[in-house]
Amino acid sequence: MYRSHNCGELNATHINTEVTLSGWVQKSRDKGFIVWVDLRDRYGVTQLVFDEERTSKEMMERAQKLGREFVIQVKGKVIERASKNPNMPTGEIEILVSELTILNKAIVPPFTIEDETDGGEDLRMKYRYLDIRRNPVKNNLIFRSKVSMEVRNFLSNNGFIEVETPYLIKSTPEGARDFVVPSRMNEGEFYALPQSPQTFKQLLMVGGMDKYFQIVKCFRDEDLRADRQPEFTQIDCEMAFVEQEDILNIFENLTRHLLKEINGVEVDKFPRMLFDDAMRFYGNDKPDIRFGMEFGELNDIAQHKDFGVFNNAELVVGIAVPGGNAYTRKEIDKLIDWVKRPQVGALGMVYSRCNDDGSFKSSVDKFYDQEDLAKWAERTGAKPGDLVCVLSGPTNKVRAQLSALRMELAERLGLRKPNEFAPLWVIDFPLLELDEETGHYHAMHHPFTSPKPGQLELLDTDPGAVKANAYDLVLNGNEIGGGSIRIHDKETQATMFKHLGFTPEEAKEQFGFLMDAFQYGAPPHGGLAFGLDRLVSILGGQETIRDFIAFPKNNSGRDVMIDAPAPIDDEQLKELSLQVNINN
Ligand code: ASP
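Residues numbered from 1 in each chain as written. Predicted model: local features only at pLDDT ≥ 70, side-chain atom pairs only at ≥ 80, totals over all residues. Heavy atoms only, no water.

1. Describing the overall build of the protein
Working step 1: Assigned secondary structure in the protein consists of 17 helices and 22 strands.
Working step 2: C-alpha extents for the protein along the principal axes are approximately 95 × 75 × 55 Å.
Working step 3: Expressed as a percentage of the 584 residues in the protein, the buried residues total 48%.
Working step 4: Of all intrachain contacts in the protein linking residues separated by at least 6 positions in sequence, the fraction that spans at least 24 positions is 65%.
Working step 5: In the structure as shown, the protein presents an accessible area of about 29,200 Å², 49% of it carried by carbon and sulfur atoms.
Working step 6: The centroid of the 70 positive side-chain charges in the protein is displaced by 5 Å from the centroid of its 92 negative side-chain charges. (Helix = DSSP H or I, 4+ residues; strand = E, 2+ residues; numbered from the N terminus. Buried < 20%, exposed > 50% of the residue type's maximum accessible area, 1.4 Å probe, protein only. Contact = heavy atoms within 4.5 Å. Areas by Shrake-Rupley, 256 points an atom, 1.4 Å probe, with all protein chains shown as cover. Lys, Arg positive; Asp, Glu negative; His and termini not counted. Charge placed at Lys NZ, Arg CZ, Asp CG, Glu CD.)

As C-alpha cells, then:
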C-alpha cells in the first residue's frame, strides 16, 4: 500500500495516528539537527519532520539528501506542530517519519514547481508534465473536469444520449481549412479530420436518436491566435422535432446550471439581441453587455456641415467614454494613435469633451457648434464629464474599429469584471456573408443552416438580406456557442448549395450522403455547439483557453513537448504513396 491518506487531508483530528503518505518533495529545510520536508501530491502538502533525537542517523542522512521532486513514501506518526500554519489545511500537524523509501529520484527541474514559478511559457510548455504539478495549472484541469461533469449530468438528466462520431472522415465545411490524413489502404486518398461532427449529428437525427450530445475534439487548420487551438473541444448537441425556441431554452438552462453549480451565480432569463442590433449598437456579433458604451450613429446630425471626412463616410458613429473628459490632450492623442494602429486601422478619431458645465469642446469646433455637439452627446448617451469618440468610414470597417476601441477602453476602465457574467443570445444571423475579396457569398454559419421561413425566395433577388434560424450564445464578449435550425429536405439543401456556388455534381460528390439521407424521412432538427475550452476559461475568470488545456499547442501550432509536427521517414512516405516536395 503506497498510502493510507493523501497529502491534503490530515489535521488535528488525526494526531497520534500512524499513516503512510506518498508524494513529491516540494522543498526541504535542513537545520542540521532537524529536517523538514514538504511532501506534495494532487491533494495538498503535508509537512514531514526528521530530527536527530527521534530519527536514526542513517535516515537523517537520507532525509538530508532528498532533492526537489524526488518521489518518496513515508510512514510515521501524525503529531501536533510546534508552529502552526493557519493558511494550510494540514497546517496544524506534521508527520514524525519512522520509515523513508525513495520511490524515484528526480533531476533538478528546469523551473520551480511553485504557484509563482520562475519558468517562462516556452519552458513550461516543453515540460508541461512539471507545469501540471503546479497548483494554477492543476486547479484549472480539475476545474475543467468539473465543468465537463456538470455538462454531462445536465444533458443526460434531460434525455440526451452521448454518441461518438468518427474522426477519420470527409471535409465538413465550418469555414476553416481541413487537417488531412493520408490513407495507406486507399492509395492517393485522404481522410479529413472533422472541423465538427456536423453532418454526423444530423445523420443521427435521421437515425432517430432524437437528442444527441458529445464532448468532442474538432480540428481546424486556421491561423492561430492566443485563444485558438488547432484542436479544440466542443460540447456538440443536436435535437429532432424542435424549433429555435426549444433549443434556446434548453441550452440557456444548461448555461444557467453551469453558472450556478460552478460559479454560484444565479442569472435571470438571457436577453436576446438581433444580429443587426448587435452590429448597430456594439459593432460586433458578440457584444460584451457587462457595461454600456453603446454606439450612437451620427450620420443624420453630423453630415452636411462642411466636414468632408464625415460627409464622405458611409457611417459616422460614436461612443461615450465614462469620465473620459478627464483625459489630458496627450492621453487623447495616444488614444488616437491606438485606433490608427494597423491592428485597428482607423484613419483618425474625432472627439468631443463634455464639460461639467454642460458645454462641449471638440476637435472639430470649426464645423460643429454647441447645439450639434449636444446632439452627439445625446445620441451616444454622454454625460458631463464624459468624452465622445467618433469614427467614420465604410460601415463594416468602422463598426469593427469602434468595437475594438470600446473593448479597449472598457478594459482600461475596469468595466470587464471577470466575476460578473452577462450572457445573451444573438439571433437572426444572416444566412450568407459576402466575401469582399472574391465577391462570392458563403454560409455565415454553415451550409446546412435553414433560412427563416418564407425567405428562400429572397435568395435569388437579395441573398445578403436572407436571415437564418441561427443563433449564438455570447458570454462577456465571447462567442461560447452557436448553432442553427437545419435544412431537412433535399430540395432546399440543393438550392442552398447552388447559391453557395456548388455545381450539382460537386454538391453530390461532397454531400450526396446527406441529401440522400434527407430522402428517407429526415425529421425537422437543429442544434448547437459550445466551445468547451473557452466556456471553461470564462467560467474560470480567465481569457486564454491554453491555460485550461492539459497539453496545448503554441502559436505556431506546435506541441513543443513531444516536438510535433515532425517529418516522417521515407519508408512511411512510400507506404502512403506520398512524396514531399517543399518549394521555397
Ligand atoms: N457545427 C457547428 C459549429 O461547429 C455548430 C452547430 O451548428 O451545431 O460551429
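2. Concerning the site of the ligand
Working step 1: Taken together, the neighbourhood of the ligand is formed by 14 residues, with Glu174, Gln198, Lys201, His445 and Arg486 sitting nearest.
Working step 2: Contacts to the ligand include Lys201, whose side-chain N or O atom sits 2.6 Å from an oxygen atom.
Working step 3: Arg486 has a polar side-chain atom sitting 2.7 Å from an oxygen atom of the ligand.
Working step 4: Isolated, the ligand exposes 270 Å² of accessible area, and the fraction of that covered by the protein chains is 93%.
Working step 5: Taken together, the elements giving at least two residues each to the shell around the ligand come down to α5 (198–206), β21 (478–485) and β22 (525–531). (Near = heavy atom within 4 Å. Polar contact = N/O pair within 3.5 Å; in protein donor to acceptor, adjacent residues only side chain to side chain.)

3. Details of the nonpolar core
Working step 1: Membership of the largest hydrophobic core comes to 38 residues, with the highest contact counts inside it found for Val147, Leu155, Phe251, Trp425 and Leu539.
Working step 2: By residue number, the principal contributor to this core is helix α6 (residues 244–263), which donates eight residues.
Working step 3: Sequence-distant contacts of Phe251, that is, excluding residues within four places in its chain, are made with Leu155, Phe160, Cys237, Met239, Trp425, Leu528 and Phe530.
Working step 4: In this structure, Phe295, Leu335, Ile336 and Tyr351 belong to the second largest nonpolar core, which totals 26 residues. (Core = buried A, V, L, I, M, F, W, Y, C linked by side-chain atoms within 4.5 Å.)

4. Remarks on the environment of Ala465
Working step 1: Checked against the element boundaries, Ala465 lands in the loop between α13 (458–461) and β20 (470–475).
Working step 2: On the basis of relative accessible area, Ala465 is assigned to the partly exposed category, the value being 28%.
Working step 3: For the pair formed by Ala465 and Glu433, sequence separation is 32 residues and the distance between their alpha carbons is 9.5 Å.
Working step 4: Those residues within four positions of Ala465 in sequence are excluded, and the remaining contacts are Gln455 and Leu458.

5. Let's talk about the sheet that holds strand β16 (residues 387–393)
Working step 1: The strand order across the open sheet built from five strands is β12-β13-β16-β14-β15, with neighbouring strands paired in antiparallel fashion. In this open sheet, the two strands that pair with only one neighbour each are β12 (296–297) and β15 (360–362).
Working step 2: With three bridges connecting them, strand β14 (residues 350–354) and β15 associate as antiparallel partners. When the sheet's bridge partners are listed, Ser352 is paired in β15 with Ser362.
Working step 3: Across the face of the sheet, helix α10 (residues 329–340) comes into contact with β14 and β16 while running at roughly 145 degrees to β14. (Pairing = 2+ DSSP bridges. Axes fitted to C-alpha atoms, helices over the stretch in contact; angles between N-to-C directions.)

6. What about the packing of aromatic side chains?
Working step 1: Applying the stated rule across the entire model yields 19 aromatic pairs.
Working step 2: Ring plane angle 70 degrees and centroid distance 4.7 Å describe the contact between Phe307 and Phe310, whose orientation is recorded as edge-to-face. Phe310 shares its class with Phe307; the two are buried.
Working step 3: The rings of Phe307, Phe310, Phe367, Tyr368 and Trp376 are connected pair by pair, giving a single aromatic cluster. (Phe/Tyr/Trp six-rings, centres within 6.5 Å; stacked < 30°, edge-to-face > 60°.)

7. Details of the packing of helix α14 (residues 490–499) against helix α15 (residues 504–518)
Working step 1: Relative orientation of the contacting elements α14 and α15 amounts to 160 degrees, with a least axis distance of 9 Å. Considered as vectors, α14 and α15 are oriented roughly antiparallel to each other. Between α14 and α15 the crossing geometry is right-handed. Every residue of α15 that contacts α14 at Lys490, Gln493, Ala494 and Phe497 is listed here: Ala507, Phe511, Met515 and Phe518. (Parallel < 35°, antiparallel > 145°, perpendicular 65-115°, else oblique. Left-handed = near helix turned anticlockwise from the far one by under 90°.)

8. Points about the sheet that holds strand β11 (residues 272–274)
Working step 1: Read across the sheet, eight strands follow the order β6-β9-β10-β22-β21-β20-β17-β11 without closing on themselves; strand pairing throughout is mixed. Of all strands in the sheet, those with a lone pairing partner are β6 (161–162) and β11, marking the two edges.
Working step 2: The sheet contact formed by β21 and β22 spans five bridges and is antiparallel. The residue of β22 that forms the bridge with Gly481 is Phe530.
Working step 3: On the sheet, α5 packs against β9 (211–219), β10 (231–240) and β22 and is oriented at approximately 25 degrees with respect to β10.

9. Some words on the pairing of strand β2 (residues 34–41)
Working step 1: Of all eight residues making up β2, seven are buried, and the element is well covered by its neighbours.
Working step 2: What sits between strand β1 (residues 18–30) and β2 in their antiparallel hairpin is a turn of three residues, with Gly32 showing a positive phi close to 90 degrees.
Working step 3: Here eight bridges tie β2 to strand β3 (residues 44–51), and the two strands are oriented antiparallel to one another. Bridge pairing in β3 places Trp36 opposite Val49.
Working step 4: If you look at the hairpin formed by β2 and β3, you'll find two residues sitting between the two strands.

10. Description of the packing of helix α4 (residues 135–157) against helix α16 (residues 532–539)
Working step 1: At a minimum axis distance of 10 Å, the contact between α4 and α16 shows a crossing angle of 115 degrees. Relative to α16, the element α4 is oriented roughly perpendicular. For the pair α4 and α16, the sense of crossing is right-handed. Where α4 approaches α16, its residues Phe143, Arg144, Val147 and Ser148 are matched on the opposing element by Leu532, Asp533, Val536 and Leu539.
Working step 2: The class makeup of the residues in the contact of α4 with α16 is five nonpolar, one polar and two charged. (Nonpolar A, V, L, I, M, F, W, Y, C, P; charged D, E, K, R; others polar.)

11. Description of the side chain of Arg353
Working step 1: Relative to the helices and strands, Arg353 is located in strand β14.
Working step 2: Although Arg353 is buried, it forms no salt bridge, and the closest oppositely charged side chain is Glu331 at an N-O distance of 7.2 Å.
Working step 3: For Arg353, the side chain forms a polar contact with the main-chain oxygen of Tyr327, separated by 2.8 Å.
Working step 4: Those residues in contact with Arg353, other than ones at most four positions away along the chain, are Asn325, Tyr327, Thr328, Arg329, Ile332, Ser359, Phe360, Lys361, Asp386 and Leu387. (Salt bridge = Lys/Arg side-chain N within 4 Å of Asp/Glu carboxyl O.)

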